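Residue-level structure breakdown
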Amino acid sequence: MAEFKNFEAFELDVLKEVGNIGAGNAATALSKLLNKPVDMAVPKVSLLPFEEIAELVGGAEQVVLGVFLRVEGEAPGNMFFLIEENSAERMLNQLLSLRHDEGDKGYSEMELSALCEIGNILAGSYLSSLADFTQLPMMPSVPAIAHDMAGAILSYGLMQYGEMGDSALLIETTFLEDHQSLEGHFFLIPDPGSFGKIFRSLGVGRE
Amino acid sequence: MTGQTLVKVGMADLNVVDGGALLKTTGLGSCVGLTLYDSKSGIAGMAHVMLPSSDIAREAQINLAKYADTAIPELLNRMTVLGANMNRVQAKMAGGAQMFAFAGQSDTLRIGPRNVESCMSMLNRLRIPIVSHDTGGNYGRTIEFDSGSGILMIRSVQFGIKEI
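What you see is a predicted model, and the numbers here were worked out from it, not measured in a lab. (Residues numbered from 1 in each chain as written. Chains lettered and ligands numbered in written order. Predicted model: local features only at pLDDT ≥ 70, side-chain atom pairs only at ≥ 80, totals over all residues. Heavy atoms only, no water.)

1. Notes on the sheet that holds strand 1 (residues 6-8) of chain B
Sheets are built from strands paired through backbone hydrogen bonds, the pairs being either parallel or antiparallel. All names here are of chain B. Read from one edge of the open sheet, five strands run 1-3-8-9-10, paired in mixed fashion. Pairing within the sheet leaves two strands with one partner each, and these edge strands are strand 1 and strand 10 (160-163). Averaged over all neighbouring strand pairs, the angle between strand axes comes to 20 degrees, with direction disregarded. In this sheet, strand 8 (residues 141-146) lies alongside strand 3 (residues 22-28) in antiparallel orientation, the contact comprising five bridges. Residue Lys24 lies in a different strand from strand 8, and its bridge partner there is Glu144. (Pairing = 2+ DSSP bridges. Helix = DSSP H or I, 4+ residues; strand = E, 2+ residues; numbered from the N terminus. Axes fitted to C-alpha atoms, helices over the stretch in contact; angles between N-to-C directions.)

Okay, here's the thing in structure tokens:
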């Protein structure tokens, strides 16, 4: 699909705003959950080769906790919420007083389920604000969580792009709480066919 | 591992080596890491296969390494150019996991098992024996193939290191 190569600068700005609004609401939700201020970096919108996508979170082999949701509705896509192990432990500790045993590399079902629910709440607020903004219905699927290599997790959301090239367009937002003591990444990877709908709904469609 | 050359294979990529070099690909989820090896000449190849079949390709120029049905013949070609004997080539593979389990899965989400099936049937068609494989499950893998010994090392977060 050649149209990916020629996104105009203003279209990328529109997608950045999409990320800003969605992640802004998610950051507010996270801040309420933790009862602490949460900062958010300016969203990055980029068309990246598959190889480089995992670099955003520290490389393909970086072990992370990843919550995955499929976005259903008018503008389908894939959504990931990735947190590094240290941040996940702090989150569990602050939120639920679940103390993760440092020597234990695995996570209990209870801990995974709690993190999955955090991901679910954040993704839900991301998507509902996005749906309000674009007037396109978007529903998250039931979330699933994996504790694994970032490359293995993220590649799962790239299959739709695989059919048409070796790169994917994604909207990434980083959360920071208290100078990086807690860091999370949101990735929204709209299906290739969804961009047209998002642009049109916001009145910047071509055609 | 002293002084061995390490050749990285990216996602939807393939490469061939000889002379005892290592081939490595990281973060295999539903993708399949496939290796072909001619032990006599020490020529080895690795492909990081992402999708089962090039029939679904909608790209202008097909990336042969990406699809099971095109990556295996391409790998074999490159190895024979280097001097491998097709009749001696044996295969090993790892990956093809299902990272996230959902109820009522669509076919796209079953991509891992489909990648494995497609690689196996392609190897069958080319009469390449599969010596060993470590596929499926719900976890990611990093693999490293030693073209000196023919050993495929598989590393995962939950199960550590395993050799096949």
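2. With respect to the environment of Pro37 of chain A
All names here are of chain A. Note that Pro37 resides in the loop between helix 1 (9-34) and strand 1 (39-40). According to the relative accessible area criterion, Pro37 is exposed, its value standing at 66%. C-alpha separation for the pair Pro37 and Glu55, spaced 18 residues apart in sequence, amounts to 27 Å. Every residue in contact with Pro37, bar those within four places of it in the chain, is listed here: Ser31 and Glu177. (Buried < 20%, exposed > 50% of the residue type's maximum accessible area, 1.4 Å probe, protein only. Contact = heavy atoms within 4.5 Å.)

3. Considering the interface of chain B and chain A
Counting from both sides, the interface comprises 35 residues of chain B and, opposite them, 31 residues of chain A. When the two sides are added together, the surface that chain B and chain A hide from each other amounts to roughly 2600 Å², 63% of it contributed by carbon and sulfur. Inspection of the chain B/chain A interface yields nine residue pairs in polar contact (both at pLDDT 80 or more). Among the elements of the structure, strand 3, strand 8 and strand 9 (152-156) of chain B are those that each provide at least two residues to the side of chain B that touches chain A. At four residues, the largest contribution of residues to the side of chain B that touches chain A is made by strand 3 of chain B. (Buried area = accessible area lost by both parts, 1.4 Å probe. Polar contact = N/O pair within 3.5 Å; in protein donor to acceptor, adjacent residues only side chain to side chain.)

4. What to know about unusual backbone geometry
All names here are of chain A. Even without a glycine there, the phi angle at Asn35 is positive, about 60 degrees. With respect to the helices and strands, Asn35 occurs in the loop between helix 1 and strand 1. Backbone geometry places Gln135, a non-glycine residue, at a positive phi of 60 degrees. As for its placement among the helices and strands, Gln135 is situated in the loop between helix 4 (109-134) and strand 5 (138-140).

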